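Topology and contacts: notes
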Amino acid sequence: MDRIYDIGGIQKFSTSDGPGIRTSIFVKGCPLKCKWCHNPELMESRNQIIYSLNRCIGCGECVKMCPQHIISRDDDKGLNIDRGKCSLCELCVDNCYSKALRMSAEPMTIEEVMHVILQDKEFYDKSGGGVTLSGGEILTHPEFAFRISEECKRHGISYVIDTSGYGDDQTLLSLAKDAQMILYDMKSMDDDIHMEYTGRSNELILDNLIKLAAIPNICSKIQMRMPLVSGVNDTDEIVIKTAAFYKQYGLSEVMLIPYHDLGNAKRRGLGEREYQFAPPDHERIEWMKTIFMQHGMKVNVTGENI
């Protein structure tokens, strides 16, 4: 029997995760715990229950069906779920008429994932698109990544890897060798900031980036991606240091991604703490674009070519 993987989502007709029309595959599990993450449901490797208050009709069926008796009604929050005692039996999800409760991942085999991917091969061929392997962190699932990438190559479908760079260097180099493009996240060049806001040092990320950049036919495929959080990772020192680092290692393209708060709604649905951040203002982003262009880089902001 083929192995089953927890897939956090499959987004068809994606146009922001690489060139052309793409199908983006999101795996569960990430070693970084970014406080501004817009997909917090993909951080944990285990499956989770997500609750949507605006879908809830207050029928109470989930409360009755829970064998652990850990779900209760709340006038303000709709439901309280004692997640530490939840066995993930999914009875509450299966009996939620309004779909206010759902699981954060769907168990799928490679064959099932490829079935979804192959449905849109015609669009990939016409647009220069393909598949994007994302997460979570794709490097936490090397077997899955290698199997999907090999299947894509077998069917004449290109693939992109979207990674934080925090993982095994040989896995990363092997995937990057045949990838159409590498989307490489850079949260902060300042290691103290990186540690405070992601829970990890950036040392491994920088080491792996330098290894990729040292290979010319891989370096040319790298697009750096930078989430921008006002007052956190957009200081003059960090931006100038980052631009100089990219130039030093021959990196030629950067995507600037101003913060948005869509992740907080998901955090509420997971029963997790919310964080309040803001994006840099327009003038600040324009200044950052100028700095990177002065260092010889092509700059994009949320998909807009500059």
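Throughout this document, residue positions are counted from 1 along each chain, in the order its sequence is written. The model is predicted, so local features are restricted to residues of pLDDT at least 70 and side-chain atom pairs to those at 80 or more, both for listing and for counting; the totals for chains, interfaces and linings are taken over all residues. The side-chain values count all of the structure's non-hydrogen atoms but skip hydrogen atoms and water molecules.

1. With respect to the overall build of the chain
A helix here means a DSSP run of H or I that spans at least four residues, while a strand means a run of E at least two residues long, and both kinds are numbered starting from the N terminus. Each helix and strand counted, the chain has twelve helices and 14 strands in total. Taken over the C-alpha trace, the chain has a radius of gyration of 21 Å; the compact-globule value for 306 residues is 19 Å, and the two agree within 12%. On the principal axes, the C-alpha backbone points of the chain span a range of 60 × 45 × 30 Å. Residue burial is assigned from relative accessible area. The probe radius is 1.4 Å, only protein chains are included, and a residue is buried under 20% of its type maximum, exposed over 50%, and partly exposed in between. Burial status across the chain gives 50% buried among its 306 residues. In the chain, the proportion of contacts linking residues at least 24 apart, taken out of those at least 6 apart, comes to 70%. Using a 1.4 Å probe, accessible areas were evaluated by the Shrake-Rupley method; residue-level cover was limited to the displayed protein chains. Counting every atom, the chain has about 14,600 Å² of accessible surface; 49% of that belongs to carbon and sulfur. Both charge centroids of the chain, one from 35 positive and one from 44 negative side chains, sit 2 Å from each other. We compute the radius of gyration over the C-alpha atoms and compare it with the globule rule, which gives 2.2 Å times the number of residues raised to the power 0.38. We call two residues contacting when some pair of their heavy atoms lies within 4.5 Å. Residues scored as charged are limited to Lys and Arg (positive) and Asp and Glu (negative), so that His and the chain ends carry no count. Here the site of a charge means NZ on Lys, CZ on Arg, CG on Asp, or CD on Glu.

2. Some words on helix α7 (residues 191–198)
Residues I193, H194, Y197 and T198 constitute the buried set of α7. Taken down its axis, α7 places every buried residue within 100 degrees of arc, on the same side. Lining the buried residues of α7 we find α8 (203–213) and α10 (236–248). Think of a polar contact as two N or O atoms within 3.5 Å of one another; within protein, one of them needs to be a possible hydrogen donor and the other a possible acceptor, and neighboring residues in sequence only count if both atoms come from side chains. Structurally, the start of α7 carries an N-cap: the backbone nitrogen of D192 is 2.9 Å from a side-chain oxygen of D190. Comment: arc refers to directions from the helix axis out to C-beta atoms.

3. Thoughts on the nonpolar core
As a rule of thumb, nonpolar side chains are buried together in soluble globular proteins. In this structure, F144, Y246 and F292 are the most contacted members of the largest nonpolar core, which totals 71 residues. Dropping the residues within four chain positions of it, F292 is found in contact with M226, V239, T242, A243, Y246, V254, L256, M297 and V299. Think of a nonpolar core as a cluster: buried Ala, Val, Leu, Ile, Met, Phe, Trp, Tyr and Cys residues, connected wherever their side-chain atoms sit within 4.5 Å. Counting residues in each nonpolar core, the second largest holds 14 residues, with I49, I70, I71 and L79 among its members.

4. Remarks on the pattern of salt bridges
What makes a salt bridge here is a side-chain nitrogen of Lys or Arg within 4 Å of a carboxyl oxygen of Asp or Glu, nothing more. Scanning the entire structure with this criterion turns up 18 salt bridges. Between K12 and D120 there is a salt bridge; the shortest N-O distance is 3.4 Å. Of the two residues, K12 is situated in strand β1 (residues 5–14) and D120 in the loop between α3 (110–118) and α4 (121–127); the sequence distance between them amounts to 108 residues. Judged by its relative accessible area of 31%, K12 falls in the partly exposed class. K289 is the partner of E286 in a salt bridge, and the nearest nitrogen-oxygen pair spans 2.6 Å.

5. Observations regarding a negative patch on the surface
Side chains of D191, D192, E196, E203 and D207 sit close together on the surface and give a patch of like negative charge. Looking at the negative patch, the elements that each hand over two or more residues are α7 and α8. Residue contributions to the negative patch peak at three residues, all from α7. Structurally, E196 can be placed in helix α7. Each patch is assembled from residues with relative accessible area greater than 30% and no salt bridge, linking like charges that lie within 9 Å and nonpolar side chains (Val, Leu, Ile, Met, Phe, Trp, Tyr) that lie within 5 Å.

6. Quick look at the packing of helix α6 (residues 169–178) against α8
Axis lines are fitted through C-alpha atoms, for helices just across the contact stretch, and the angle between N-to-C directions can take any value from 0 to 180 degrees. Across the interface, α6 lies against α8 with an axial gap of 10 Å and an inter-helix angle of 35 degrees. In the crossing of α6 with α8, the sense of the turn from one axis to the other is right-handed. Residues D169, L172, L173 and A176 of α6 pack against N208, K211 and L212 of α8. Along the lines of polarity and charge, the residues of the contact of α6 with α8 split into four nonpolar, one polar and two charged. In this scheme the crossing of two helices becomes right-handed for a clockwise turn of the near helix relative to the far one and left-handed for an anticlockwise turn of less than a right angle. Gly is put with the polar residues, along with every residue not named as nonpolar or charged; the nonpolar set is Ala, Val, Leu, Ile, Met, Phe, Trp, Tyr, Cys and Pro, and the charged set is Asp, Glu, Lys and Arg.

7. Describing α8
Of the positions making up α8, those classed as buried are I205, L206, N208, L209, L212 and A213. Take α8 and look down its axis: the buried residues cluster within an arc of 165 degrees, on one side only. At its buried positions, α8 is contacted by α6, β10 (181–185), α7, α9 (216–219), β11 (222–228) and α10.

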